[in-house]
Structure formats: C-alpha cells, structure tokens
Amino acid sequence: MGFDELSVSDALKETLSCAVSSGRFPHASIFEDEDSERLKLTAVCVATALVCTGEGEKPCGMCLGCMKARSDCHPDIRVFTGGDTPNSFKVETVREIRSDAYIVPNEAERKVYILENANNMSAQAQNALLKILEEPPESVCFLLLTPDRNAFLQTVLSRCVVFSQGGGRKVDEEAVAAAKAFADALPEANEFSLMSATSVFEKDKALLRAVLPELEEIFRLAVILKSGGSCEGEYTQQAQKLAASQTTVSLMKMMDCLRDISQSIDRNENYNLLITRLCADMRRASGR
Ligand SMILES: [Zn+2]
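Rules used throughout
Residues numbered from 1 in each chain as written. Predicted model: local features only at pLDDT ≥ 70, side-chain atom pairs only at ≥ 80, totals over all residues. Heavy atoms only, no water. Salt bridge = Lys/Arg side-chain N within 4 Å of Asp/Glu carboxyl O. Helix = DSSP H or I, 4+ residues; strand = E, 2+ residues; numbered from the N terminus. Buried < 20%, exposed > 50% of the residue type's maximum accessible area, 1.4 Å probe, protein only. Axes fitted to C-alpha atoms, helices over the stretch in contact; angles between N-to-C directions. Parallel < 35°, antiparallel > 145°, perpendicular 65-115°, else oblique. Contact = heavy atoms within 4.5 Å. Nonpolar A, V, L, I, M, F, W, Y, C, P; charged D, E, K, R; others polar. Domains from an automatic or database assignment. Polar contact = N/O pair within 3.5 Å; in protein donor to acceptor, adjacent residues only side chain to side chain.

### With respect to the pattern of salt bridges
No. 1: Applying the stated criterion to the full structure yields 20 salt bridges.
No. 2: Put simply, Asp10 and Lys13 hold a salt bridge, and the shortest N to O gap is 3.7 Å. On the criterion of helical spacing, the pair formed by Asp10 and Lys13 is a turn pair, its members being three residues apart in helix H1 (residues 10-21).
No. 3: Residue Arg220 is joined to Glu217 by a salt bridge in which the shortest nitrogen-to-oxygen separation is 2.7 Å. Of the two residues, Arg220 and Glu217 both sit in helix H9 (residues 205-226), three residues apart, roughly one turn of that helix. Both residues of the pair, Arg220 and Glu217, count as buried.
No. 4: When salt bridges that share partners are traced, they join Asp260, Arg267, Glu269, Arg277, Asp281 and Arg284 into one network.

See the structure below:
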C-alpha cells in the first residue's frame, strides 16, 4: 500500500512521502489519529517505505522489503502493543525495545519500531523510552501511535516530530503571528530584522515553546513546495517565500535548529543566550 491509498488528508500524505524520500526520516515520531485502524495502516505504510529497497517512490510495493512488510514478516519492522487501558504499556516492554534497538538491522537500512497504544505508556515507561530518544542509534526509527499527543510527557513530545491526521493542531493565534513574523524576517536575513522578530520571545518562554512547532510547520511546507508539491492554508505565503529563497538542505538544517532549540528549552539552558543562538543558527543555516 502506497501513501496515495491511505485515507488520510492530502497534506499528511505529502508530508510523510516527503519525509521518507528526504532520506532523513526522524528517529522519533508521533502519529496522532483518533481512528486507530487508520493510524495503524499509516504507520505500517511508513514502516514499509522505510525498509523499501526499490528505486524511485517508496514504498515501491515490489521489492523484497515491501513484500515482507506486507506479509508482516519483515525482520526489521517490529510492532509492540500496549493494552487498552492507561499504564498498560509497561516499562518492561520499553526495556525490551531498548535493548533490541542497539542491535544492527537484519537486512534493511534501518529498524522500525511501531509502538501501538503508546498513549498508554506509564510515566516510568515514557522515561525509559526517553533515554533512547535522547540519543537514538543511527539506524532506528520509533513510530509512537496515539489518538492524542498530549498523552506524552513534554520531554518525550519535544523529541518527536508529530504527524497528525486530526487537523487537531491547536492554533494559538499569538504563536501563529510570531511564527509568521519570524519566517518573514528570515529571507531578509539581516540581523536586525531577525532580532526584532524574536524580541517578543524575550520575556515569554511559553510563547517561544508554542512558536517552534508552528515554525517547523512552515519549513515543512516550504520543503514540500521545493519538491514540487503544493500547500495551502495559513502559512502559504511564508512557505512560498522560504521555498523561493532557500535550498532544501538549508530548510532541513533550519528544522534541525528548531528541534535543537526546543530541547535546550527543556534543559533549562540560559534563555537569553538561547534566543541569540536561535537567530545565529538560523542565519548560518540559511547560508548568510
Ligand atoms: Zn519496495
């Protein structure tokens, strides 16, 4: 089954397909969908694409990797399932996953772990998972399946890229405006415009926290545009401007910067230095 056959939004299909074909699929991602069947199908499709050895679009549906994945017998796709009740995804299971994850893949380029009902992980299980999310082995992808991302600890959430079907992104208008201002300032890339776009964060850590995923969304859309896709909605203008002024590599680098900054916020690093670093890293990534 290819991404086209999934009954998810076009935006999500495109995002997933781009993320796979970029060759830089995140080590840790959260798949959010209230429809558990569709959620599983989506995750399996992504896992198949990640072990596909065919040329061109992935999953190709024809290679040995795809065929094994389709018959649920690919040795590098492992599915772990928590129960239906809170805390039923146990820390023991996470420990098992952790020790397995350090063993190199059998035949694919990477190992994919699908964690069903990950929302039912106990706090202890999440903290155990966090240890490996902090420094994941190079050849591992974790796909955490949940109806609602808020089931995860903030520390886990901040290390994952969220792929959501729900359109359930809560829109914080202030964050949207600040994200737009920042994205608008980037192509101009003079220090002053960027500093003034970030001045709103100086006394408001919560705002920066809310803005980072919005910015990531804008960059994601710009990457889609770069690869010939289309985008619509709130951030179209910003995404178009970025796509016109940046290379795909620099856009991806900027997304890395955002994740890095978000982790630094969690580690409670000096906040003012962090904002300065955000500006400097983004300018560097844009090649100025
Ligand atoms: Zn294939």
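### A closer look at the environment of Asn120
No. 1: Here Asn120 is to be found in the loop between strand S3 (111-116) and helix H5 (123-134).
No. 2: The exposure class of Asn120 is buried, given its relative accessible area of 8%.
No. 3: The spacing of Asn120 and Asp172 is 52 residues in sequence and 27 Å in space, taken between C-alpha atoms.

### A closer look at the packing of helix H7 (residues 173-188) against helix H8 (residues 191-198)
Each pair of packed helices can be summarised by the angle the axes make with each other and by the distance between the axes.
No. 1: Contact geometry of H7 with H8 gives a least axis separation of 8 Å together with a crossing angle of 170°. Taken together, H7 and H8 sit at an angle that is classed as roughly antiparallel. Contacts between H7 and H8 involve Ala181, Phe182, Ala185, Leu186 and Glu188 from the first element and Ser193, Leu194, Ala197 and Thr198 from the second.
No. 2: In terms of residue class, the contact of H7 with H8 is built from six nonpolar, two polar and one charged.

### Comments concerning the domain arrangement of the protein chain
No. 1: Domain parsing of the protein chain yields domain 1 (3-164) and domain 2 (173-285).
No. 2: Computed from C-alpha coordinates alone, the two centres of domain 1 and domain 2 are separated by 26 Å.
No. 3: With eleven residues of domain 1 in contact, the opposing surface of domain 2 contributes 14 residues.
No. 4: Where domain 1 meets domain 2, there are one salt bridge.
No. 5: The residue Asp256 makes a salt bridge to Arg24 at a minimum N-O spacing of 2.5 Å.
No. 6: Applying the counting rule to domain 1 against domain 2 returns two residue pairs in polar contact (both at pLDDT 80 or more).
No. 7: Secondary-structure elements contributing two or more residues to the side of domain 1 that touches domain 2 are H1 and helix H6 (154-157).
No. 8: When residues of the side of domain 1 that touches domain 2 are assigned to their parent elements, the largest contribution, four residues, is made by H1.
No. 9: Within the side of domain 1 that touches domain 2, the residues separate by chemical class into three nonpolar, five polar and three charged.

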